[in-house]
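# Analysis of the macromolecular model
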Amino acid sequence: MPDYDFSQVDAAIIDSQLNTARVFRDVLIRLGFRRVELFDSVRAAAGLLTAAMPDLVLLDADGEDSEAFRFIRSLRNEPAVPNPFACVIVTTWAPTPALLTRVTNVGGDDLLMKPVSPKQVRDRIVSLIEARKGFVVTADYTGPDRRKSPREGAQVPVLDAPNTLRLKAVGQWTQSGARMQLNEAISTVTTQKRLRASIQVAFLVEFALAGLARPVPDRMAIDHIGRIGGFLDDLLRRLGEDGDHAPVEAVARAVKTLADKVRAAAECGPVPVDDREQLQALSRALMQAVDPDRPLEAMTREVSAAVSGYRSRLEQIAQAKAAAAALPAVPADDVSASSAPPPGAGGQAASALPAG
């Protein structure tokens, strides 16, 4: 291993199994970590989100796993967290593809299977120092880039997020320098969150319009309109003191009011055409208010491309389900032994997140 210095690095271990937590702590102390705090539950560690977030968090997902994932989501997305870019390794005794997907989707860096050897822990830490993924920011996600290929519509930039674990381990840490990097990155995230939220609202409106125009509004269209309020609430709470956000706030509140009205109307019958057109116009005005320097035409093209791609995926999913339903059932006695997977195949998920 390269000659990294962990004497300034702080870590937190959140694990309800005290013996396991102590094993992790002993490994980190032998590596030279300065301070390692133990917490027996996510609730006990909640103060980390508003205090001095450590550089590395080892978080058990086998207890109340929903609490663990809420912690990571809060870490990555809450505006008041002092270091939303802290490295997070999720640990488990029972890795599964579903668990791996959840870790990826909330913004975790890695998934590590227990029991672990000191070398495994060290190798994961080195990977976070040398090859950590850049961060992406969307309307409902902040964390390591999880994309495997370009997608339709919005091209989300990759942020070189501050990595305090790396800064300390390679001797580049200073309190003032790190704080400056963190503040700049947090400001970038805030700006991107506003932008992505406005685009997401326009996307939801654009997708729903056709379904809302039907004599009996489409259920999926109604549900998509129902999601608008959450994104607007997040946008509104990110309007800080970094400029005059009165126009954005006014339009956002107008969109929210009209979206609630449209959804209520759709639950009872057809939505008036004037309301549908006004909702579309307001959603576009919101994008323009959030990003006045970018041509509205370019933003509407981006939204239209995203909607088209989304519709195509929905159609593909529907066709695949229809094809599967049309296949004749195969009696269990007709399945040959040779068609079964070999012992152990697929029984254990990989312990590292996939690249991408």
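Residues numbered from 1 in each chain as written. Predicted model: local features only at pLDDT ≥ 70, side-chain atom pairs only at ≥ 80, totals over all residues. Heavy atoms only, no water.

## Quick notes on the overall build of the protein chain
As a reminder of what qualifies: By the criteria applied, helices consist of DSSP H or I runs no shorter than four residues and strands consist of E runs no shorter than two, each listed in order from the N terminus. Contacts are assigned to residue pairs that have any heavy atoms within 4.5 Å of one another. Methods summary: accessible areas were calculated by the Shrake-Rupley approach with a probe of 1.4 Å, and residue burial reflects only the protein chains presented.
If you tally the helices and strands in the protein chain, you get eleven helices and eight strands. If you take every contact in the protein chain between residues at least 6 apart in sequence, the share linking residues at least 24 apart comes to 71%. Surface summary for the protein chain: the accessible area is close to 18,000 Å², and the carbon and sulfur share equals 54%.

## Remarks on the packing of aromatic side chains
Stated precisely, the cut-off is as follows: Centre distance within 6.5 Å is the pairing criterion for rings of Phe, Tyr and Trp, where only the six-membered ring of Trp is used; planes under 30 degrees apart are then read as stacked, over 60 as edge-to-face, and the remainder as tilted. We call a residue buried when its accessible area falls under 20% of the maximum for its residue type, exposed when it is over 50%, and partly exposed in between, using a 1.4 Å probe and counting protein chains only. We count a charge as sitting over a ring when the NZ of a lysine or the CZ of an arginine lies within 6 Å of the ring centre and within 35 degrees of the ring normal.
Applying the stated criterion across every chain yields a total of five aromatic pairs. With a centroid separation of 6.5 Å and an interplanar angle of 55 degrees, the aromatic rings of Y4 and F6 are classed as tilted. Take Y4 and F6: they sit in the same class, and that class is buried. For the ring pair F6 and F33, a centre distance of 5.0 Å and an interplane angle of 20 degrees mean the geometry is stacked. Here F6, found in the segment before β1 (10-14), pairs with F33, found in the loop between α1 (18-31) and β2 (35-39); they are 27 residues apart in sequence, far enough to count as distant. Of the two residues, F6 and F33, neither departs from the other in class, the shared state being buried. Members of the aromatic cluster, connected to one another through ring pairs, are Y4, F6 and F33. One cation-aromatic arrangement involves R146 over Y141; the distance from NZ or CZ to the ring centre is 3.8 Å. It is K168 that lies over the ring of W173; its NZ or CZ is 4.5 Å from the centre.

## Observations concerning the pairing of strand β4 (residues 87-92)
Rule in force here: Think of it this way: DSSP has to see at least two bridges between two strands before they count as a pair. Throughout, right-handed denotes a crossover for which the path from the first strand over the helix to the second runs clockwise when the strands point away from the viewer.
Among the six residues of β4, six are classified as buried, and the element is accordingly described as predominantly covered. Across the two faces of β4 the burial is the same, with C87, I89 and T91 and V88, V90 and T92 all buried. With five bridges connecting them, strand β3 (residues 56-60) and β4 associate as parallel partners. Residue pairing in the sheet places L58 in a bridge with I89 of β4. What joins β4 to strand β5 (residues 110-113) is helix α3 (residues 97-106), and the crossover it makes is right-handed.

## A closer look at the packing of helix α9 (residues 246-268) against helix α10 (residues 273-290)
Spelled out, the test is: To obtain an axis, a line is fitted to C-alpha atoms, over the contacting stretch when the element is a helix, and the angle between two such axes runs from 0 to 180 degrees between their N-to-C directions. Just so you know how the angles are binned, under 35 degrees is roughly parallel, over 145 roughly antiparallel, 65 to 115 roughly perpendicular, and the rest oblique. Note: crossing handedness is left-handed where the near helix turns anticlockwise from the far helix by less than a right angle, and right-handed where it turns clockwise. Residues are grouped as follows: Ala, Val, Leu, Ile, Met, Phe, Trp, Tyr, Cys and Pro are nonpolar; Asp, Glu, Lys and Arg are charged; all remaining types, including Gly, are polar.
One way to put it is that α9 packs onto α10 with a least axis distance of 9 Å and a crossing angle of 155 degrees. When the axis of α9 is compared with that of α10, the two are roughly antiparallel. The way α9 lies across α10 gives a crossing that is left-handed. Here α9 contributes V248, V251, A252, A254, V255, L258, A259, K261 and V262 to the contact with α10, which in turn contributes D275, Q278, L279, L282, S283, A285, L286, A289 and V290. In terms of residue class, the contact of α9 with α10 is made up of 14 nonpolar, two polar and two charged.

## Brief notes about the sheet that holds strand β8 (residues 158-159)
Sheet strands line up and pair through hydrogen bonds in the backbone, either parallel or antiparallel. Spatially, the three strands line up as an open sheet ordered β7-β6-β8, and their pairing is antiparallel. The sheet terminates laterally at β7 (142-144) and β8, the two strands that pair on one side only. Pairing between strand β6 (residues 135-137) and β7: three bridges, direction antiparallel. What sits directly across from V136, in β7, is G143. Docked against the sheet, helix α6 (residues 175-212) engages β6, β7 and β8, running at close to 40 degrees with respect to β6.

## Digging into the confidence of the model for the protein chain
If pLDDT is low for a region, its predicted coordinates should not be looked at in detail. Rules: Residue-level confidence of the predictor is summarised by pLDDT, bounded by 0 at the bottom and 100 at the top.
Predicted confidence across the protein chain gives a mean pLDDT of 89, with 89% of residues reaching 70 or more. The spread of mean pLDDT over the elements of the protein chain runs between helix α2 (residues 65-77), the lowest at 92, and α10, the highest at 98. Across residues 330-356, where pLDDT falls below 50, the model places 32 contacts with residues more than four positions away in sequence or in other chains.

## What about the sheet that holds β1?
One open sheet accounts for five strands, arranged β2-β1-β3-β4-β5; its pairing is parallel. Each of the sheet's edge strands pairs with one partner strand only, and the pair in question is β2 and β5. If you compare each strand with its neighbour and ignore which way they point, the axes differ by 20 degrees on average. With five bridges connecting them, β1 and β2 associate as parallel partners. Within β2, the residue paired with D10 across the bridge is R35. Sheet strands touched by α1: β1, β2, β3, β4 and β5. Its angle to β2, the strand with the most contacts, is close to 175 degrees.

## What about the side chain of D275?
Along the chain, D275 falls in helix α10. Once you skip the residues sitting within four places of it in the chain, D275 turns out to touch L258, K261 and V262.

## Considerations on the layout of surface pockets
The condition is simple: Think of a 1 Å grid over just the protein atoms. A cavity is a set of points where a 1.4 Å probe fits yet cannot get out, a pocket is an open set with protein on both sides within 12 Å along at least five of seven lines, and lining residues have an atom within 4 Å of a point. Grid points are joined across faces, edges and corners, and a volume is the space filled by probe spheres set on the points.
Estimated volume of the second largest pocket: approximately 310 Å³. What lines the second largest pocket is a set of 17 residues, among which A52, M53, K168, W173 and Q175 lie closest to the centre. Looking at which element gives the most residues to the lining of the second largest pocket, the answer is α6, with four residues. Residue classes in the lining of the second largest pocket are distributed as seven nonpolar, four polar and six charged.

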